[in-house]
Amino acid sequence: MANEVFDRVKKIIVDRLSVDEDKITLDATFKDDLGADSLDIVELIMELEDEFDLEISDEDAEKISTVGDVVTYISEHQG
Amino acid sequence: MSTGRVSIVTGASRGIGRAIAIELGKDGGNVVVNYQGRSEAAEETAAAIRANGGQALVVQADVSVAADVERLVAAALDAFGQIDVLVNNAGITRDGLLMRMKDEDWDAVHNTNLRGAFLLIREVTRPMMKRRQGSIINITSVVGQIGNAGQVNYSAAKAGLIGLTKSVAKELASRNITVNAVAPGYIETEMTQMLGEEAANAMRAGIPLGRAGTPEDVAAAVAFLTSSKARYITGQVLNVDGGMVM
Ligand SMILES: NC(=O)c1ccc[n+]([C@@H]2O[C@H](COP(=O)([O-])OP(=O)(O)OC[C@H]3O[C@@H](n4cnc5c(N)ncnc54)[C@H](OP(=O)(O)O)[C@@H]3O)[C@@H](O)[C@H]2O)c1
């Protein structure tokens, strides 16, 4: 389950941030390791919401810092 | 130059919006012609665009209603696959002196003139950001810069549009999206016909170039600001007012 989520998340990040796939580890932070700015993060969140058909509140979105945070959040909230 | 470009123009059934839609439809442009109530007038705008070799899609939507705006932008993406230009032109007046102004008149003017622009910008931003390209124009007014007795609602909304323009310009600049405002002065349309002859003459007397403007004068400024020639211009207000404000 978490693995499948990770693969789908990875694909979106590669598309959006144009980074190498092997840079996307669970520990990688969006800002420092993947070079995302605040607009990139908003775009990513919106795309993840579409891909996984869920809504991520601004409050929860603010807590997201690593790729692992996203995978955990989605795995926990997917219906 | 505009071949294949896709533009949404709100309030394009008549007046300034119609002239802008026709201008952006030249040279093979695709234009989404939005209107609120007058479908026949909107169809006339579309026919003029097609006669020039452009493509037009007519979409009814009240810009102050979020669901309508979503539908409008979805229809544009469905038909043309992308959005290059957004012109927030739809606007209304409900004039009256402050002391006698009704809440509804304040709200109606803000909802259409300011909230409408916010809703549309929010809706087109994502498709524009994805393509790292876009140009947004908000039609404000000289009244938003210098005020006007009898138009507290309208001038506040138009001044609000200038603030909106500058903030969005800053937010989206890193994605190669430019956001500018155009401030017409006294332009001959239905909106200004309501003024009456005496007020109109007084307006003309205050215009250095000595005449009222035409919708085409405003459309020319929009054409420039949305062209590649203006790609280094963002967050600005361009007055098209015969020198009224300088
Ligand atoms: N004329 C001037 O001297 C002057 C000066 C400065 C600024 N401006 C600004 O320029 C813009 C155009 O003015 P204009 O003189 O061309 O006005 P106009 O002739 O009165 O036309 C107004 C247009 O806006 C549309 N509209 C009104 N409310 C709408 C809504 N809620 N949703 C969607 N469309 C709506 C109308 O559609 P329907 O036809 O379907 O009703 C019409 O196409 C306005 O923003 C105005 O404030 C005008």
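Residues numbered from 1 in each chain as written. Chains lettered and ligands numbered in written order. Predicted model: local features only at pLDDT ≥ 70, side-chain atom pairs only at ≥ 80, totals over all residues. Heavy atoms only, no water.

### A few points about the interface of chain B and chain A
Okay, so step 1: Chain B puts eight residues into the contact, and the matching count from chain A is eight residues.
Okay, so step 2: When chain B packs against chain A, the two sides together hide about 720 Å² of surface, and 44% of this comes from carbon and sulfur.
Okay, so step 3: Notably, a salt bridge pairs B:R175 with A:D40, separated by 2.7 Å at the nearest N-O pair.
Okay, so step 4: Sorting the residues of the side of chain B that touches chain A by element identifies α4 (103-131) and α6 (152-172) of chain B as the ones contributing at least two each.
Okay, so step 5: Tallying contributions element by element places α4(B) first for the side of chain B that touches chain A, with three residues.
Okay, so step 6: In terms of residue class, the side of chain B that touches chain A is made up of two nonpolar, one polar and five charged. (Contact = heavy atoms within 4.5 Å. Buried area = accessible area lost by both parts, 1.4 Å probe. Salt bridge = Lys/Arg side-chain N within 4 Å of Asp/Glu carboxyl O. Helix = DSSP H or I, 4+ residues; strand = E, 2+ residues; numbered from the N terminus. Nonpolar A, V, L, I, M, F, W, Y, C, P; charged D, E, K, R; others polar.)

### Quick word on the site of the ligand
Residues and elements named next belong to chain B.
Okay, so step 1: Looking at the ligand, there are 32 residues lining it, with S13, R14, G37, Y154 and T189 nearest.
Okay, so step 2: Here an oxygen atom of the ligand sits 2.7 Å away from a polar atom, N or O, in the main chain of N89.
Okay, so step 3: Here the ligand has 910 Å² of accessible area as a free molecule, and 95% of this is covered by the chains.
Okay, so step 4: Of the residues forming the shell around the ligand, the biggest block, three residues, is contributed by helix α7 (residues 190-193).
Okay, so step 5: By residue class, the composition of the shell around the ligand is 13 nonpolar, 14 polar and five charged. (Near = heavy atom within 4 Å. Polar contact = N/O pair within 3.5 Å; in protein donor to acceptor, adjacent residues only side chain to side chain. Areas by Shrake-Rupley, 256 points an atom, 1.4 Å probe, with all protein chains shown as cover.)

### Digging into the confidence of the model for chain B
Detailed reading of predicted coordinates is not advised where the pLDDT is low.
All names here are of chain B.
Okay, so step 1: Averaged over every residue, the pLDDT of chain B is 96; the share at 70 or more is 99%.
Okay, so step 2: When pLDDT is averaged over each element of chain B, strand β5 (residues 134-139) comes out on top at 99 and helix α8 (residues 197-205) at the bottom at 85.
Okay, so step 3: The ipTM for the predicted assembly is 0.85, set against a pTM of 0.95. (pLDDT = per-residue confidence, 0-100.)

### Topic: the sheet that holds strand β4 (residues 85-88) of chain B
Each strand in a sheet pairs with its neighbour through backbone hydrogen bonds, running either in the same direction (parallel) or in the opposite one (antiparallel).
Residue and element names in this part refer to chain B.
Okay, so step 1: On the basis of which strands lie adjacent, the open sheet formed by seven strands has the order β3-β2-β1-β4-β5-β6-β7 and parallel pairing. Two strands in the sheet have a free side with no partner beyond their single neighbour: β3 (55-60) and β7 (237-240). Taking each pair of neighbouring strands and ignoring which way they run, the sheet shows an average axis angle of 20°.
Okay, so step 2: Of the strand pairs in this sheet, β4 and β5 are connected by four bridges, and their pairing is parallel. Paired with V87 across the two strands is I137, which belongs to β5. (Pairing = 2+ DSSP bridges. Axes fitted to C-alpha atoms, helices over the stretch in contact; angles between N-to-C directions.)

### Digging into unusual backbone geometry
As a rule of thumb, non-glycine residues mostly have phi less than zero, and peptide bonds are mostly trans rather than cis.
Okay, so step 1: Of note in the backbone geometry, A:S18 takes a positive phi value of approximately 45° without being a glycine.
Okay, so step 2: As for its placement among the helices and strands, A:S18 is situated in the loop between α1 (2-17) and α2 (38-52).
Okay, so step 3: Given a relative accessible area of 63%, A:S18 falls into the exposed group.
Okay, so step 4: Positioned with a positive phi, B:D27 is a non-glycine residue whose angle comes to about 55°. (Buried < 20%, exposed > 50% of the residue type's maximum accessible area, 1.4 Å probe, protein only.)

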